[in-house]
Amino acid sequence: MADDLAAALDALAADPTRRPLLVALDFDGTLAPLQDDPAASRILPEGVDALDRLAGTSGVALALVSGRAMHDLHTLAQVPAGTYLIGSHGAERARVTTFGLDRDVVRLTDEQADRLATLGAEAARITRGRDGVWVETKPTAVVVHTRLAEDAVARPAEEEAIVLGERLGSGVLHGKDVVEISVLRASKGEALTALRDELGAAVVLYAGDDVTDEHAFEALRADDLTVKVGQGTTTARYRVDGPEELVAALTELADRL
């Protein structure tokens, strides 16, 4: 863990006026190492323990903020009851309970539902004949995945998906090896700001690895802690090399709190 991040976490833990604290984290590439098969993603074991401890600390709220559909996020998350889950880049939201999910219901208009069906059909055509390119359908969006494709195959598929999104979508997000086309306008930044306001959080700690996490970084305040996981240009104030280093930082924060 970088010395400047360690010092910032020490100062955060030592200052009781910086409560309530909202610890909000991306999932893939942040808590869970990236996998070729998205269904194989799991939070690092040490991360499960760190999240349990943070969630059990007075004055601390925990949230996962992911591009995954809510069902997938809940299935894979391994987070304690009370955790807020924000899925589909902010279009879906729920809270984990001991009995399952207490979720906000997403309702599409007839026009949005028809547009989602059309997006799915046209996105499927983009994948035809392209090895390693596939389509995921979410309750509010269609996602073209290219992680398993060669660059020469992935690049034109992503370009076509962006054009499709500009024609039929309400929002287009181009992240690592994905293009997500939504029929609802949503962003991690807007969803995180709404949750912060609802909880009255004095400080937010947010960590993420993807281009879409920049929306969350940019939505936060100067006294919040923003952490970029991995390489790439970022507006985050701090950086760690990967999920292992982030989990170590979260464990250190739990120790100090």
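Everything below is about the structure printed above this text.
Residues numbered from 1 in each chain as written. Predicted model: local features only at pLDDT ≥ 70, side-chain atom pairs only at ≥ 80, totals over all residues. Heavy atoms only, no water.

1. Remarks on the overall build of the protein
Within the protein, the regular secondary structure consists of eight helices and twelve strands. For a compact globule of 257 residues, the expected C-alpha radius of gyration is about 18 Å, and the protein comes in at 18 Å, within 12% of that figure. Projected onto its principal axes, the C-alpha positions of the protein cover 55 × 35 × 30 Å. The 257 residues of the protein split such that 52% are buried. Taking contacts inside the protein between residues at least 6 apart in sequence as the whole, the part at least 24 apart equals 53%. Carbon and sulfur atoms form 49% of the exposed surface of the protein, whose accessible area is close to 11400 Å². (Helix = DSSP H or I, 4+ residues; strand = E, 2+ residues; numbered from the N terminus. Rg over C-alpha atoms; globule rule 2.2 N^0.38 Å. Buried < 20%, exposed > 50% of the residue type's maximum accessible area, 1.4 Å probe, protein only. Contact = heavy atoms within 4.5 Å. Areas by Shrake-Rupley, 256 points an atom, 1.4 Å probe, with all protein chains shown as cover.)

2. A few points about the pattern of salt bridges
Under the definition given, this model contains 16 salt bridges. The shortest N-O distance in the salt bridge between R196 and D224 comes to 2.7 Å. Linking R196 in helix α6 (residues 188-199) with D224 in the loop between α7 (213-219) and β11 (225-229), this pair joins segments that are 28 residues apart in sequence. Neither residue differs from the other here; R196 and D224 are each classed as buried. A single network of salt bridges, built from pairs that share partners, joins D10, E252 and R256. (Salt bridge = Lys/Arg side-chain N within 4 Å of Asp/Glu carboxyl O.)

3. Overview of the side chain of S66
You can see S66 is positioned in the loop between β2 (60-65) and α3 (70-77). With a relative accessible area of 1%, S66 lands in the buried category. Looking at S66, its side chain comes within polar contact range of the main-chain nitrogen of R68, at 2.9 Å. Apart from the residues within four sequence positions on either side, S66 is in contact with D26, F27, L73, I86, G87, S88, H89 and K188. (Polar contact = N/O pair within 3.5 Å; in protein donor to acceptor, adjacent residues only side chain to side chain.)

4. What about the side chain of D213?
Looking at where D213 falls in the secondary structure, it is placed in helix α7. Within polar-contact distance, the side chain of D213 engages the backbone nitrogen of D209 at 3.0 Å. The contacts of D213, once residues within four sequence positions are left out, are D26, K188, Y206 and G208.

5. Digging into the nonpolar core
The nonpolar side chains of soluble globular proteins are, as a tendency, buried together. Formed by 42 residues in total, the largest nonpolar core has its most connected members in V23, L25, L31, L64, L205 and L250. Among the elements that line this core, the one with the most residues is helix α8 (residues 243-256), at six residues. For L250, the contacting residues outside a window of four places in its chain are V23, L25, L31, A50, L51, L54 and L205. L22, Y84, A191 and Y206 belong to the second-largest nonpolar core, a separate cluster that totals 17 residues. (Core = buried A, V, L, I, M, F, W, Y, C linked by side-chain atoms within 4.5 Å.)

6. Brief notes about the sheet that holds strand β9 (residues 178-182)
In sheet architecture, strand pairing relies on hydrogen bonds along the backbone and comes in two forms, parallel and antiparallel. Read from one edge to the other, the open sheet built from four strands follows the order β6-β7-β9-β8, with strand pairing classed as antiparallel. The open sheet has two edge strands, β6 (134-137) and β8 (171-175), and neither has a second partner. The mean angle between the axes of side-by-side strands here comes to 15°, regardless of whether they run parallel or antiparallel. Alignment of β6 against strand β7 (residues 141-145), held across four bridges, turns out to be antiparallel. (Pairing = 2+ DSSP bridges. Axes fitted to C-alpha atoms, helices over the stretch in contact; angles between N-to-C directions.)

7. A closer look at the environment of V203
Locating V203 in the fold gives a position in strand β10 (residues 203-208). Using a relative accessible area of 2% as the deciding quantity, one classes V203 as buried. Measuring from C-alpha to C-alpha, the distance between V203 and A11 comes to 12 Å, with 192 residues separating the pair along the chain. Discounting chain neighbours no more than four positions away, the residues touching V203 are L12, R18, P20, L21, L22, R196, D223, D224 and L225.

Functional significance is not addressed by these values, which are geometric in nature.
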